[in-house]
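Each chain is listed here by its residues.
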Amino acid sequence: RVNGKNVFALFPPGTVLYQPEEQESKSLGFSDFFTPQRRLATFLLTLVWGGSTLAQFTNLILVTLIFSSEQEEEKEATYSFDYNAILVSTPSEIVGTTIVLFTVDKVGRIPSMVVSYAVGGLAAFGLCYLAEKEDTTRSSLILMSFLARGGLFAGSCVIWVS
């Protein structure tokens, strides 16, 4: 199975793919991305890639800020980071990537990407919500951080790597 499709159902044994004679090819320029045939695809890809990058970096900063505390001294403020919590949430990127690697060919790229970003986004929202509550435990923040980083990194891998 490739991208959720059975290759042998699409191309039974003995199938010969026809390739028309080569036509004179012209090199494409930047303006060709904005022709009527490609304008929507260009817009959607830009939106997805830009949103993916923004989500990934925002989540990285979010996790770092949640596991830090500001300490004001005489003339300058310093930050103290909970490096153990940040370090514990880091392997989530490996876990998220591994899950996507095993599922992307079974369910396809788009469902894998949607589910990964939904999990990452909802977990990031939950992380922000729990960080504002007074009685939140450290382990629940670490769990939400793990899910957020893993989901967003898995979605990023589906877009860029697979």
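Notes on the structure in this doc start here. Since we're looking at a predicted model, the values are computed, not measured.

Criteria and thresholds
Residues numbered from 1 in each chain as written. Predicted model: local features only at pLDDT ≥ 70, side-chain atom pairs only at ≥ 80, totals over all residues. Heavy atoms only, no water. Salt bridge = Lys/Arg side-chain N within 4 Å of Asp/Glu carboxyl O. Helix = DSSP H or I, 4+ residues; strand = E, 2+ residues; numbered from the N terminus. Buried < 20%, exposed > 50% of the residue type's maximum accessible area, 1.4 Å probe, protein only. Expected span 1.5 Å × (residues − 1). Contact = heavy atoms within 4.5 Å.

A word on the pattern of salt bridges
- Counting across every chain of the model gives two salt bridges.
- Across the pair D82 and R138 runs a salt bridge, and its minimum N-O distance is 2.8 Å. Here D82 is found in the loop between β2 (77-81) and α3 (83-89), whereas its partner R138 is found in helix α6 (residues 138-160), with 56 residues between them in sequence.
- A relative accessible area of 43% places R138 in the partly exposed class.
- Among the salt bridges present, the one from E93 reaches R149, with a minimum N-O distance of 3.1 Å. Pair noted here: E93 is in helix α4 (residues 92-107) and R149 is in helix α6, with a separation of 56 residues, a long-range link.

Points about helix α2 (residues 39-66)
- Taking 1.5 Å of rise per residue, the 28 residues of α2 would be expected to cover 40 Å, and the 40 Å separating its terminal C-alpha atoms lies within 8% of that figure.
- Those residues of α2 lying buried are T42, S52, Q56, N59, L62 and V63.
- On its buried face, α2 is in contact with α3, α5 (109-132) and α6.

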